Amino acid sequence: MSDSHLPPAWVAVARASALKRKPLSVYYQGEPVVIFRDGAGIAALEDRCPHRGVPLSQGHVDGSHIRCVYHGWQFNRRGELSLMPGDPDFRPCSRQLLKTYLGCEKEGLIWLVAGEAPTGSPFVPEIHSTHAYRTASVSIAAPLVDVIENLLDPLHTHSIHAGIIRSDKKARHRCDVTVTHVRDGYQATYVEQHRQSGVLSRVFGGGIIKSVGRIRYPGIVEIEYHSARGIELAVVIYLHVREDEACQLIVRSYFRRGVVPVCLKAWVLFPFQWVTFAQDRRILELQHKTNRRAHTEPPAYIVTHCDIMRRYIERALAGDIAHTDEHKVLML
Ligand code: FES
Ligand SMILES: [Fe+2]
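Residues numbered from 1 in each chain as written. Chains lettered and ligands numbered in written order. Predicted model: local features only at pLDDT ≥ 70, side-chain atom pairs only at ≥ 80, totals over all residues. Heavy atoms only, no water.

## A closer look at a negative patch on the surface
Then comes step 1: Among the surface-exposed residues, E243, D244, E245 and E297 lie close enough to one another that they form a single negatively charged patch.
Then comes step 2: Examined against the element boundaries, E245 turns out to sit in the loop between β17 (230-241) and β18 (247-255). (Patch = residues over 30% accessible without salt bridge, like charges linked within 9 Å, V, L, I, M, F, W, Y side chains within 5 Å. Areas by Shrake-Rupley, 256 points an atom, 1.4 Å probe, with all protein chains shown as cover. Salt bridge = Lys/Arg side-chain N within 4 Å of Asp/Glu carboxyl O. Lys, Arg positive; Asp, Glu negative; His and termini not counted. Charge placed at Lys NZ, Arg CZ, Asp CG, Glu CD. Helix = DSSP H or I, 4+ residues; strand = E, 2+ residues; numbered from the N terminus.)

## Brief notes about the packing of helix α1 (residues 144-152) against helix α5 (residues 310-317)
Then comes step 1: At a closest axis distance of 10 Å, the pairing of α1 and α5 adopts a crossing angle of 130 degrees. Taken together, the axis directions place α1 and α5 in an arrangement best described as oblique. Judged by the sense of rotation from one axis to the other, the crossing of α1 with α5 is right-handed. Of α5, the residues touching α1 (which contributes L144, V145, D146, I148, E149 and L152) are R310, I313, E314 and L317.
Then comes step 2: In terms of residue class, the contact of α1 with α5 is built from six nonpolar, no polar and four charged. (Axes fitted to C-alpha atoms, helices over the stretch in contact; angles between N-to-C directions. Parallel < 35°, antiparallel > 145°, perpendicular 65-115°, else oblique. Left-handed = near helix turned anticlockwise from the far one by under 90°. Contact = heavy atoms within 4.5 Å. Nonpolar A, V, L, I, M, F, W, Y, C, P; charged D, E, K, R; others polar.)

## Quick look at the side chain of T135
Then comes step 1: Along the polypeptide, T135 turns up in strand β12 (residues 132-140).
Then comes step 2: Among the polar contacts made by the side chain of T135, one reaches the side chain of R252 at a distance of 2.8 Å. (Polar contact = N/O pair within 3.5 Å; in protein donor to acceptor, adjacent residues only side chain to side chain.)

## Some thoughts on the nonpolar core
Then comes step 1: In terms of nonpolar packing, the biggest core is built from 35 residues, with I215, L249 and M309 touching the most fellow members.
Then comes step 2: The element contributing the most residues to this core is α1, with five residues.
Then comes step 3: Setting aside anything within four residues of it in sequence, one finds I215 in contact with I148, L152, D184, G185, Y186, I220, V221, M309, Y312, I313, A316 and L317.
Then comes step 4: Counting 30 residues, the second largest nonpolar core, distinct from the first, contains V26, V113, I220 and I231. (Core = buried A, V, L, I, M, F, W, Y, C linked by side-chain atoms within 4.5 Å. Buried < 20%, exposed > 50% of the residue type's maximum accessible area, 1.4 Å probe, protein only.)

## Some details on helix α4 (residues 262-294)
Each α-helix turn comprises 3.6 residues. Residues three or four places apart therefore point the same way.
Then comes step 1: Taking 1.5 Å per residue, 33 residues should reach 48 Å; α4 reaches 46 Å between its end C-alpha atoms and fits that length.
Then comes step 2: Along α4, the sharpest change in direction is near 30 degrees and occurs at L269; proline P271 comes one to four residues later.
Then comes step 3: H295 sits one or two residues past α4 and shows a positive phi near 55 degrees. (Expected span 1.5 Å × (residues − 1). Bend = angle between axes of the 7 residues up to and from the residue.)

## Examining the sheet that holds strand β7 (residues 65-67)
Then comes step 1: Here we have four strands laid out as an open sheet, ordered β6-β7-β8-β9, and antiparallel in their pairing. A strand with exactly one partner marks an edge of an open sheet, and here the two such strands are β6 (60-62) and β9 (81-83).
Then comes step 2: Examined bridge by bridge, β7 and strand β8 (residues 74-75) share two bridges and lie antiparallel to one another. Residue pairing in the sheet places I66 in a bridge with F75 of β8. (Pairing = 2+ DSSP bridges.)

## A short note on the side chain of E80
Then comes step 1: With respect to the helices and strands, E80 occurs in the loop between β8 and β9.
Then comes step 2: A distance of 2.9 Å separates the side chain of E80 from the side chain of N76, its partner in a polar contact.
Then comes step 3: Among the polar contacts listed, one links the side chain of E80 to the side chain of R78, at a separation of 3.2 Å.

## Observations concerning the sheet that holds strand β10 (residues 100-106)
Then comes step 1: Reading across from one edge, β2-β11-β10-β5-β4-β3 is the order of the six strands in this open sheet, with antiparallel pairing throughout. Each end of this open sheet is capped by a strand with a single partner; those strands are β2 (11-15) and β3 (24-28). The mean angle between the axes of side-by-side strands here comes to 35 degrees, regardless of whether they run parallel or antiparallel.
Then comes step 2: Judged from the five bridges that link them, strand β4 (residues 31-37) and strand β5 (residues 42-46) form a sheet pairing that is antiparallel. From the neighbouring strand, V33 faces β5, where its bridge partner is E46.

## Some points on the pattern of salt bridges
Then comes step 1: This model, assessed by the stated rule, comprises 18 salt bridges.
Then comes step 2: Between D38 and R77 there is a salt bridge, and its shortest N-O distance comes to 2.6 Å. Pair noted here: D38 is in the loop between β4 and β5 and R77 is in the loop between β8 and β9, with a separation of 39 residues, a long-range link.
Then comes step 3: Judged by its relative accessible area of 10%, D38 is buried.
Then comes step 4: Residue R77 is classed as partly exposed on the basis of its relative accessible area, which comes to 31%.
Then comes step 5: Between K328 and E326 there is a salt bridge whose closest N-O contact spans 3.2 Å.
Then comes step 6: Judged by its relative accessible area of 17%, E326 falls in the buried class.

## Structural notes on the coordination of the iron ion (ligand 2)
Then comes step 1: Summarising the metal site, the iron ion (ligand 2) is bound by the protein donors H156 (NE2), H161 (NE2), D280 (OD) and D280 (OD), whose distances to it range over 2.1 to 2.3 Å.
Then comes step 2: Every donor residue of the iron ion (ligand 2) comes from the same chain, spaced as H-x4-H-x118-D. With a gap of 119 residues between them, H161 in the loop between α2 (157-160) and β13 (174-182) and D280 in helix α4 connect regions that are remote in the sequence. The pair H161 / D280 is uniform in exposure class, with both members buried. (Donors = N, O, S within 2.8 Å, 3.2 Å for Na, K, Ca; no water.)

## Examining unusual backbone geometry
Then comes step 1: A cis geometry characterises the amide bond from Y217 onward to P218, with omega recorded as 5 degrees.
Then comes step 2: Among the structural elements, P218 can be located in the loop between β15 (210-216) and β16 (220-227).
Then comes step 3: Although it is not a glycine, Q29 adopts a positive phi angle of roughly 50 degrees.
Then comes step 4: Relative to the elements of secondary structure, Q29 occurs in the loop between β3 and β4.
Then comes step 5: A relative accessible area of 47% places Q29 in the partly exposed class.
Then comes step 6: The residue E107 is not glycine, and still its phi comes out positive at about 50 degrees.
Then comes step 7: In this structure, E107 sits in the loop between β10 and β11 (109-113).
Then comes step 8: Here E107 falls in the partly exposed class, since its relative accessible area comes to 38%.

Structure representation (structure tokens):
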């Protein structure tokens, strides 16, 4: 029984450093949006000129207005036409011609939401103020729910990331899994009897006593590795949907500050991250291609009790959060 369905929430759509003087094309829930800085903050409009349909993101920013590249129509942040070159009788009018979005910039990211201003602020993890971090941006041509399931699924790591995270050739060991709810999502806590069998754990796994995978509405994944001191390493992934179901991921890796310089930790971690990401992208895009060929929408999957997070991911993405305290055992 659900406690609540959550109201619209901020979605991270780009790194703030990607938005300079020129307008930028982004996506919000699959809708093309143009964002630009207009002096009052982040302005965000539907990315389609209502005159002949050219993307406004191909245009220019002129003061607090965006100018279409084709005939030069200009719009303000409210989506109102403020200039129509060539018409001597033109008067700016207050009729809204473009769908608008609320935009803001926080902690190096640009966030959007459609409709009324949400009551909550953009989600930034607590470790943002204590840990050092690095940010990257990648995309995967696969549906959001499948991508998130992949990020939170330990059972593919033996085969797809063999040798890096776990190994198919080594004996599996008992792992106690507890799934609980958080304010805006669900989390699985994994306590393994043995250290993970891949090389990544040998490099970074010293002192790790548990790991946590979490999904938050409207599409944020957190993966944390805890020692007795707290979080040693965490990856926060902000996901949003582009056109054709492809997903954009803004990936932030957080490192505990300590004796080993963070730049060195990042330098060691990133090649592993890049290889595992490429392995996941390959299998996800293959999965998506095969499902499209099968013409079943949504795909007809067998979801077993071992696919621990699947239904929680679907519920979290719908903003459907209910009390949960579930215990399971997996062999990992
Ligand atoms: S298409 Fe934009 S001004 Fe004509
Ligand atoms: Fe993976």
